[in-house]
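Observations on chain architecture
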Amino acid sequence: MNTETEEATPEASLQEEVPEEVRAGLNLAPDEEVRVSLSTDIKLDGHYGPAWVLATDRRLLAFSPDGEGPPDIVQVPLSEIAEVEVRNLLGSGALKVRTAREGATIALFSKSLLPKFSKVPDQIEALVRQARPAGEEVVKRTVGGAKTAQKRCKQCGRPIRDWLGVCQACLDKRKLFARLMSYALPYWGLIATSLALLLTATFIGLTPPLLMRSLIDDVLAPAGGRVQTVPSAQSLRNETLPARDGGERVPLSRGRGGASKLSILVTLLLLVNVSRNALGAFRSYIMSRVGQRITFDLRRQVYQHLHCLSLSFYNERETGRIMSSITQDVSRLQDFISEGLQEVIRNTLTILIICIILFSINASLAALVLLPTPFLVWATSHFSKRLHDIYHGLWRRWAGLSALLADVIPGVRVVKAFAQEKREVNRFEGTSQALLTGELRVARIRSVFAPLMTFLTSIGGLLIWWVGGLKVIGGTLTLGDFVAFTGYMWQFYGPVEALCQLNNRFQHAATSAERVFEVLDTQPDVADRPEAIPLPRIRGQVEFRGVTFGYEPGKPVLKDLSFVVEPGEMIGLAGHSGAGKSTLINLICRFYEVSEGAILIDGHDIRDVTLKSLRDQIGVVLQEPFLFNGTVAENIAYGKPEASMDEIVAAAKAANAHDFILNFPDGYDTFVGERGARVSGGERQRISIARAILRNPRILILDEATASVDTQTESQIQEALERLIKGRTTFAIAHRLSTLKNAHRLLIIDKGELAEIGTHDELIAKDGIYANLCRLQTELSRLKVW
Amino acid sequence: MEQEYALKQELNLLDPKGLRLFIDEFEDLTLDMKDRGTFKPVTAMRAFPITDRDRFIILKDQEGQEIGIVRDASDLDPKSRAALIAELERVYFMPKITFVHNIEEQFHIPKWEVETDRGPRVFEIRSGRHNQDLRSLGSGRILIRDADGNQYEIPDYRKLDPVSQTLIESQI
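Let me begin by describing the structure that accompanies this report. Bear in mind that the values here come from a model prediction, so they are computed numbers and not experimental data.

Another aspect to go through is the overall build of chain A. Within chain A, the regular secondary structure consists of 23 helices and 20 strands. Within the span of chain A, comprising 786 residues, buried residues form 48% of the whole. Long-range contacts, defined here as pairs at least 24 residues apart, represent 70% of the contacts in chain A between residues at least 6 apart.

In structure tokens form, the structure reads like this:
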């Protein structure tokens with residue numbers, strides 16, 4: 001557990017600064033000392049707003065503003081207080097005080113302040129004790145319910161997930177980025193190559209308009225094209241005046257020289273095209289390779305980490321969501337890691353170079369090109385922001401849909417048994433409909449967005465055509481320059497748009513990154529301590545020493561359990577449902593860490609040994625055995641993959657599973673299907689017993705191992721279990737008490753406490769809970785016989 | 001043949017005519033019954049706090065044993081009903097959101113700034129728990145539980161102003 005973020009709110013002092021008007025309103029005596037002063041966030045009239053509770057050395061006071069009217073003021077002399085109660089209500093909390101004659105609520109507060117107010121009764125009790133003559137009875141104090149256990153970050157106060165050690169907000173964004181890039185690091189060679197290719201391709205890609213210009217001005221126009229636009233007077237002048245751009249070349253390029261130049265230029269253009277595309281193809285292969293490798297690494301890391309996490313992590317989340325984190329988020333990151341940075345470099349570079357070229361050709365025209373840019377930037381960022389928001393919602397709906405599927409498909413038997421197919425279809429349709437609405441909204445925005453962009457850029461284009469065209473007609477611009485210009489212009493808007501969207505792309509990736517890193521950063525509640533040692537082969541003595549445990553802080557499921565189980569002893573656990581039997585077993589397996597006290601196995605605190613060495617010596621047979629998709633043999637050997645065939649068959653025989661396995665045509669090679677669906681419940685159970693036998697554990701846990709099978713199968717399983725139990729410390733939970741007839745001692749748990757412990761005869765003699773349970777069951781079985 | 005088992009017998013309904021509920025000088029809910037005497041303090045719980053607030057109200061005694069069920073609060077005499085409803089309203093404090101100023105989401109922790117029928121409030125929803133903490137109940141009704149366990153209700157978000165609607169829609 002992370003102690004830094006443990007407390008819900010920072011240790012709040014019970015003396016807060018009291019505003020002057022509250023002091024004035026309360027008419028405090030000059031020598032009256034304020035000992036406790038707390039602000040609340042709900043007024044006594046049930047509206048949000050600040051109110052105050054004060055305790056002085058003589059009175060308890062409440063001050064609650066009431067709109068325009070005078071504030072509600074309650075006061076109780078300390079000497080009269082008989083009871084102080086913090087009520088933890090369903091939507092808020094209340095502080096209630098009673099005297100001998102009456103009672104009053106003196107503060108209402110939201111649950112956020114519950115930790116602060118739960119300390120108040122003790123404080124008031126202390127004050128009363130000081131004020132009253134000694135010897136009189138003290139104040140009764142009650143604090144209803146548990147403290148809220150919501151973890152909040154110490155730095156920023158944001159709520160943190162129960163199972164998450166770090167505050168996401170306090171993680172540096174740059175760190176996030178750097179961390180993402182660290183996944184690309186192993187492939188830096190490939191990435192550098194690809195960047196070099198990209199830059200080369202970009203430069204090459206910028207040349208065609210220049211070549212076109214030369215083609216038009218130097219080859220085509222002199223061959224005739226220019227005759228119409230340039231009056232002969234000007235060409236005469238050209239011979240005398242210093243040449244303007246291209247003018248000097250006019251006479252040179254006439255005739256056969258033009259054709260050869262044309263062929264050179266066309267060849268060059270061809271080369272540019274070929275090399276550009278070849279480089280592009282090569283690069284795209286390199287980048288997909290890098291991207292896929294990164295995804296692979298990340299996916300493996302996430303999955304590996306998921307297996308390190310404790311059960312509490314899985315209890316908190318839906319399976320569908322965990323799966324989507326592994327699959328979707330990881331792939332989304334790949335795109336950013338491999339392409340994101342390169343895109344930035346390429347686009348910025350392209351924009352810069354084009355700007356330089358444009359301005360060097362014609363500054364005033366270049367300014368015109370830039371004119372629609374602000375609109376373009378605005379529209380792109382605006383639309384992509386909106387799209388991003390909607391996508392976010394859409395992602396959530398998609399996750400909801402997969403969560404629904406993950407919920408219903410495994411429960412299909414129940415659906416069929418209650419003939420609710422139609423309802424489920426409708427439910428799916430509802431979720432699917434929500435998705436459709438979202439997708440349609442995206443489509444609507446996109447269908448506006450694309451034409452709008454085209455429109456904006458084409459306005460720029462039209463401006464250039466108009467102004468540039470005039471310039472060409474006026475003779476201040478050559479046709480070639482003009483063509484080159486328009487060519488660059490189209491290449492200019494693309495990168496601008498891309499850069500605008502980049503922010504969103506970054507946001508998108510950041511979201512996914514957060515989700516993935518959130519999983520990766522989750523610290524398992526139960527983990528090996530750095531100094532943990534492997535547990536040596538044990539004899540099997542188990543000791544509970546004052547063990548208290550709750551899944552949520554403040555709500556103990558087990559309270560102060562202490563007992564010792566000797567090696568080889570079989571302990572039957574009985575008690576009502578929900579008494580804490582399964583929890584006790586979870587603690588022995590160390591699926592959860594005890595809140596207080598310790599569990600010792602052969603004198604070793606189980607927190608001081610490695611998890612693997614502990615669980616290697618514990619065998620578990622559950623009520624609903626889980627088989628993995630594979631063969632019978634594989635399932636038996638699940639806990640000991642290196643087991644020989646001899647061992648597997650022997651274990652199956654010991655588990656009374658051998659005979660039915662042989663009845664399958666494929667014998668031990670029979671596929672059990674997903675979750676073992678192709679074998680019956682009793683068969684599954686015996687396979688799982690064989691699995692436990694094969695591991696030869698020192699401690700054996702049987703959790704309702706025979707609850708869901710028929711009587712005949714039960715006797716077979718029972719027989720198998722007896723073989724398994726011999727010489728091992730065994731904890732068996734059973735509702736049918738007859739199953740526990742071999743138990744050396746019985747442990748009766750009631751409401752989380754150890755109610756009775758002893759042999760069957762002792763407990764019957766004691767005539768307590770166990771005796772009662774036995775009587776009930778005998779009556780039941782008599783009914784069955786009859 | 002025995003008479004067919006009637007499920008309804010399981011219900012431990014209280015006769016609304018035979019009981020009186022009031023809040024005593026200790027601010028405790030007290031139940032006076034003609035045939036079974038006085039219980040105090042009495043805890044009142046809604047069996048359907050979300051779908052039907054004023055029906056099936058369970059009354060429990062100090063030990064947490066069920067005294068019985070009030071099938072419909074409106075069957076009670078007006079004073080008893082007022083006392084019962086007042087107690088329930090206090091226990092189930094759930095302001096209604098009337099306007100959403102802003103929902104700012106950072107690191108998957110949506111921070112809501114809202115107006116409620118009990119005044120303005122800012123709260124955060126725990127990250128990654130949209131399904132549990134932001135429950136959409138159909139026909140526009142939304143229940144919210146914030147990071148500290150406080151609850152809020154939006155009776156029908158489609159009836160709120162467009163700004164609030166858009167903000168809420170981004171969350172559900």
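It is worth spelling out a nonpolar patch on the surface at this point. A contiguous nonpolar patch, built from V448, L452, F455 and I459 of chain A and spanning about 320 Å² of accessible area, is present on the exposed surface. Mapped onto the elements, F455 of chain A comes out in helix 13 (residues 421–474).

Residues and elements named next belong to chain A. Between helix 10 (residues 363–370) and helix 13, the shortest axis-to-axis distance is 10 Å and the interhelical angle comes to 170 degrees. Of the possible angle classes, the one that applies to helix 10 and helix 13 is roughly antiparallel. Contact with helix 10, carried on its side by S364, L365, L368 and V369, involves L463, I464, V467, G468 and K471 of helix 13 and no other residues of that element. Partitioning the contact of helix 10 with helix 13 into residue classes produces 6 nonpolar, 2 polar and 1 charged.

Counting 44 residues, the largest nonpolar core has I636, I648, I661, Y668, I689 and L740 of chain A as the members making the most contacts within it. Counting residues per element, this core draws most heavily on helix 20 (residues 681–695) of chain A, at 6 residues. Once residues within four sequence positions are removed from consideration, I648 of chain A is found in contact with A633, I636, A637, A643, Y668 and L694 of chain A. Counting residues in hydrophobic clusters, the runner-up holds 42 residues, among them Y48 of chain A together with L14, F123 and I142 of chain B.

The next subject is the sheet that holds strand 19 (residues 745–750) of chain A. All names here are of chain A. Within the open sheet, the 6 strands sit side by side as 16-17-18-13-19-20. Their pairing is mixed. With partners counted over all chains shown, the strands left at the sheet margins are strand 16 (618–621) and strand 20 (753–758), one partner each. Within this sheet the neighbouring strands show an average axis-to-axis angle of 20 degrees, counted without direction. Of the strand pairs in this sheet, strand 19 and strand 20 are connected by 5 bridges, and their pairing is antiparallel. Opposite I749, over in strand 20, you have L754 as the bridge partner. Packing against the sheet, helix 20 makes contact with strand 16 and strand 17 (699–703), and its axis sits at approximately 175 degrees to strand 16. Against the sheet, helix 21 (residues 711–725) touches strand 13 (570–574), strand 17 and strand 18 (729–733), its axis set at about 155 degrees to strand 17.

A separate point is helix 3 (residues 162–169) of chain B. Residue and element names in this part refer to chain B. Listing the buried residues of helix 3 in full gives S164, L167 and I168. Summarising the axial view, the buried residues of helix 3 lie within an arc of 95 degrees, below the 170-degree limit, and thus occupy one face. Opposite its buried face, helix 3 presents the exposed residues P162 and T166, each directed more than 90 degrees away. Against the buried residues of helix 3 lie strand 7 (97–106), strand 8 (109–116), strand 11 (142–145) and strand 12 (151–154).

With that out of the way, let us pick up unusual backbone geometry. Backbone geometry follows two general trends: most residues other than glycine have a negative phi, and most peptide bonds adopt the trans configuration. Between K40 of chain B and the following residue, P41 of chain B, the backbone shows a cis peptide bond with an omega angle of -10 degrees. Residue N656 of chain A is not a glycine yet carries a positive backbone phi of 55 degrees. Position of N656 of chain A among the secondary structure elements: in the loop between helix 18 (645–654) and helix 19 (658–663).

For the rest of this paragraph, the subject is the pattern of salt bridges. One pass over the structure, following the stated rule, counts 37 salt bridges over all chains. A salt bridge links K416 of chain A to E421 of chain A; the nearest nitrogen and oxygen atoms lie 3.9 Å apart. The exposure class assigned to E421 of chain A is partly exposed, which follows from its relative accessible area of 35%. Across the pair E543 of chain A and R545 of chain A runs a salt bridge, and its minimum N-O distance is 3.1 Å. Beyond isolated ion pairs, a larger network of salt bridges with shared partners links E83, E85, K96 and R98 of chain A together with D28 of chain B.

Parameters at a glance
Every chain begins its residue count from 1, and numbering advances along the sequence as written. Lettering for chains starts from A, numbering for ligands starts from 1, and both go in the order in which the items are written. Only residues with pLDDT of at least 70 are given local features in this predicted model, and only at 80 or more are side-chain atom pairs given and counted; all residues enter the totals for whole chains, interfaces and linings. Water and hydrogen atoms play no part in the side-chain values, which are based on all heavy atoms of the structure. Secondary structure counts use DSSP, requiring at least four H or I residues in a row for a helix and at least two E residues in a row for a strand, with both numbered from the N terminus. Relative accessibility under 20% of the residue-type maximum defines a buried residue, over 50% an exposed one, and the middle range a partly exposed one, all with a 1.4 Å probe and only protein chains included. Whether two residues are in contact is decided by their heavy atoms: any pair within 4.5 Å suffices. Note that patches include only residues with greater than 30% relative accessible area and no salt bridge, and the join distances are 9 Å for like charges and 5 Å for nonpolar side chains (Val, Leu, Ile, Met, Phe, Trp, Tyr). Reported accessibility uses the Shrake-Rupley method at a 1.4 Å probe radius. Residues are deemed covered only where the shown protein chains occlude them. Basic side-chain nitrogens of Lys or Arg form a salt bridge, by our definition, when they fall within 4 Å of a carboxyl oxygen of Asp or Glu. The angle between two axes is taken between their N-to-C directions and runs from 0 to 180 degrees, where each axis is a line fitted to C-alpha atoms and a helix contributes only its stretch in contact. An angle counts as roughly parallel when it lies under 35 degrees, as roughly antiparallel when it exceeds 145, as roughly perpendicular when it falls between 65 and 115, and as oblique in every other case. Think of it as three bins: nonpolar holds Ala, Val, Leu, Ile, Met, Phe, Trp, Tyr, Cys and Pro, charged holds Asp, Glu, Lys and Arg, and polar takes everything else, Gly as well. Throughout, nonpolar core names a set of buried Ala, Val, Leu, Ile, Met, Phe, Trp, Tyr and Cys residues whose side chains join them through atoms within 4.5 Å. In short, DSSP must find at least two bridges between two strands for them to pair. Directions are taken from the helix axis to each C-beta atom, and the arc is the one they span.

Function cannot be read off these values alone, since they describe shape.
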